[in-house]
Amino acid sequence: MEEKIMFSNAEIGIDLGTANILVYTKSKGIVLNEPSVVAIDKLTKNVVAVGSEAKEMVGKTPKNIVPIRPLKDGVIADYDVTAQMLKEILKKVSKKVGLSMRKPTVVVCTPSGSTSVERRAIHNAIKSYGAKHVHLIEEPVAAAIGADLPVDEPIANVIVDIGGGTSEVGIISFGGIVSCQSVRTGGDKMDEEIVHYIRKHYNILIGERTAENVKMEIGYALIEHDEESMEVRGRDMVSGLPKTITIASTEIQQALSESLEQILQTIQSTLESCPPELSGDIVDHGVVLTGGGALLKGMKEWLSKELSVPVHLAPNPLESVAIGTGRALKMINKLQKAAK
């Protein structure tokens, strides 16, 4: 039998994302990366499944079991369900790591545009699990730390974190945010636009999971590329029967154009509000992309062309924020001083 280590002062970092929850522990690194989905039984109000198991159920459950995504646009939309989800996720972590997580110190990232009420909801949800200390850190700072940028030096570090619910752009210097903007456009909005495009042009209804697969397989940023195609299955809205169509990558590019333009505008307006002293650093060091959206094909090349500065991809775009929250435990005092 696996021996449980009594680890009463566990230190963990949580990336509480709209699409995925990642948990980082000091000793083991990333120990959990699962979708932010909970399946709830409407009759008993009990949690049936969490994470990957719950995501598998989306669009396939009986009426009494509802898969819910309790985080919307990077913030808590359903407080009770989020608290239950966190409880289950942290139980999974303690089993996996073999730690008894009594009164852990937790660092959680919050979107830079979140209100004090939204931050309080995140704080309370973690505290209700029994955390000893809860520190909130802004997402761009966490992403920059996780992407190995020298955030505590007096140079401009530009981070673009394209997540599931929000896209955050931050210019960080001396451990604090100099200029920051966030737009509630991310991977989820792109999926919705693919669903909408196929419904409008082909009269076929597809699910969110199918749209996400299409985006990952043949989704491109606004660059020229060799056209690719893929078969998509959905429900014909006229006959009500299942139907398969073939869709081209140029069509998906067209569907995503509005979201991509919004992200570009947010980056441009953040760079415009940057102090002139730091602008020179941006020309030299460029912009670093993190988050799942950074993995969209051609994203790096397109942004580099539009912004006329170098664009780099973080070493682990999907895990940058979680790694940053974990590493921030060491830097938390310094960051809090910078924020005051």
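No experiment lies behind these values; they were computed from the predicted model shown. (Residues numbered from 1 in each chain as written. Predicted model: local features only at pLDDT ≥ 70, side-chain atom pairs only at ≥ 80, totals over all residues. Heavy atoms only, no water.)

A word on the overall build of the chain
- Each helix and strand counted, the chain has 10 helices and 20 strands in total.
- Over its C-alpha atoms the chain spans a radius of gyration of 21 Å, differing by no more than 12% from the 20 Å that the globule rule assigns to 340 residues.
- Taken over the C-alpha atoms alone, the chain extends approximately 60 × 55 × 40 Å along its principal axes.
- Within the chain, the proportion of its 340 residues that are buried is 52%. (Helix = DSSP H or I, 4+ residues; strand = E, 2+ residues; numbered from the N terminus. Rg over C-alpha atoms; globule rule 2.2 N^0.38 Å. Buried < 20%, exposed > 50% of the residue type's maximum accessible area, 1.4 Å probe, protein only.)

A word on the side chain of D236
- Along the chain, the position of D236 falls in strand β17 (residues 229-236).
- Residue D236 is classed as buried on the basis of its relative accessible area of 12%.
- In terms of polar contacts, D236 uses its side chain to reach the backbone amide nitrogen of V238, at 2.8 Å.
- Here D236 is in contact with N203, I204, L241 and K243, once residues within four sequence places are set aside. (Polar contact = N/O pair within 3.5 Å; in protein donor to acceptor, adjacent residues only side chain to side chain. Contact = heavy atoms within 4.5 Å.)

Some points on the sheet that holds strand β13 (residues 157-162)
- Strand order in the open sheet formed by five strands is β15-β14-β13-β19-β20, and the pairing between neighbours is mixed. What marks the edges here is a single partner per strand, and that holds for β15 (176-183) and β20 (311-313). Within this sheet the neighbouring strands show an average axis-to-axis angle of 20°, counted without direction.
- Where strand β14 (residues 167-173) lies against β15, seven bridges are found, and the strand directions are antiparallel. Looking at the pairing, E168 lines up with S182 of β15.
- Along the sheet, helix α7 (residues 249-272) contacts β13, β14 and β15; its crossing angle with β15, the most-contacted strand, is approximately 155°. (Pairing = 2+ DSSP bridges. Axes fitted to C-alpha atoms, helices over the stretch in contact; angles between N-to-C directions.)

Considerations on unusual backbone geometry
- Of note in this structure, N203 is not a glycine but carries a positive phi near 60°.
- On the secondary structure map, N203 appears in the loop between α5 (187-202) and β16 (204-205).
- With relative accessibility at 38%, the residue N203 sits in the partly exposed group.
- Within the chain, S308 stands out as a residue other than glycine whose phi angle is a positive 60°.

Looking at the sheet that holds β16
- Read across the open sheet, the three strands follow the order β16-β17-β18; overall the sheet is antiparallel. Two strands in the sheet have a free side with no partner beyond their single neighbour: β16 and β18 (242-248).
- In the sheet, β16 pairs with β17 via two bridges, with the strands oriented antiparallel. Along β17, the bridge assignment pairs I204 with D236.
- Helix-sheet contacts for α5 involve β16, β17 and β18, and the interaxial angle to β18 is about 105°.

Let's talk about the state of the cysteines
- Within the structure shown, the criterion is met by zero disulfides.
- Unpaired in this structure, C109 has its nearest cysteine sulfur neighbour in C180, at a distance of 12 Å. (Disulfide = S-S within 2.5 Å.)

Digging into the pattern of salt bridges
- Summed over the entire model, instances satisfying the criterion amount to 12 salt bridges.
- For E212, the salt bridge goes to K55, with nearest N and O atoms at 3.0 Å. Residue E212 is found in helix α6 (residues 208-218), and its partner K55 is found in helix α1 (residues 52-57); the two are separated by 157 residues along the sequence.
- Judged by its relative accessible area of 25%, K55 is partly exposed.
- When the shortest N-O distance is used, the salt bridge between D188 and R69 registers 3.2 Å. Taken together, the residues span a long stretch of sequence, with D188 in helix α5 and R69 in the loop between β7 (65-68) and β8 (71-72) at a distance of 119 residues.
- When its relative accessible area of 16% is taken as the criterion, D188 is described as buried. (Salt bridge = Lys/Arg side-chain N within 4 Å of Asp/Glu carboxyl O.)

Digging into a nonpolar patch on the surface
- Nonpolar side chains collect at one region of the surface, where L295, L313 and L318 lie side by side and expose about 250 Å² of accessible area between them.
- Along the chain, L313 falls in strand β20.
- Among the residues examined, L313 registers a relative accessible area of 37% and is labelled partly exposed. (Patch = residues over 30% accessible without salt bridge, like charges linked within 9 Å, V, L, I, M, F, W, Y side chains within 5 Å. Areas by Shrake-Rupley, 256 points an atom, 1.4 Å probe, with all protein chains shown as cover.)

Structural notes on the packing of helix α2 (residues 79-97) against helix α3 (residues 116-127)
- Where α2 meets α3, the axes come as close as 9 Å, and the angle between the chain directions of the two elements is 40°. Comparing the axis directions of α2 and α3 gives the class oblique. Here the hand of the crossing between α2 and α3 comes out right-handed. In this structure, α2 uses Y79, A83 and L86 to contact α3, whose residues at the interface are A121, N124, A125 and I126.
- Per-class residue counts for the contact of α2 with α3 are six nonpolar, one polar and no charged. (Parallel < 35°, antiparallel > 145°, perpendicular 65-115°, else oblique. Left-handed = near helix turned anticlockwise from the far one by under 90°. Nonpolar A, V, L, I, M, F, W, Y, C, P; charged D, E, K, R; others polar.)

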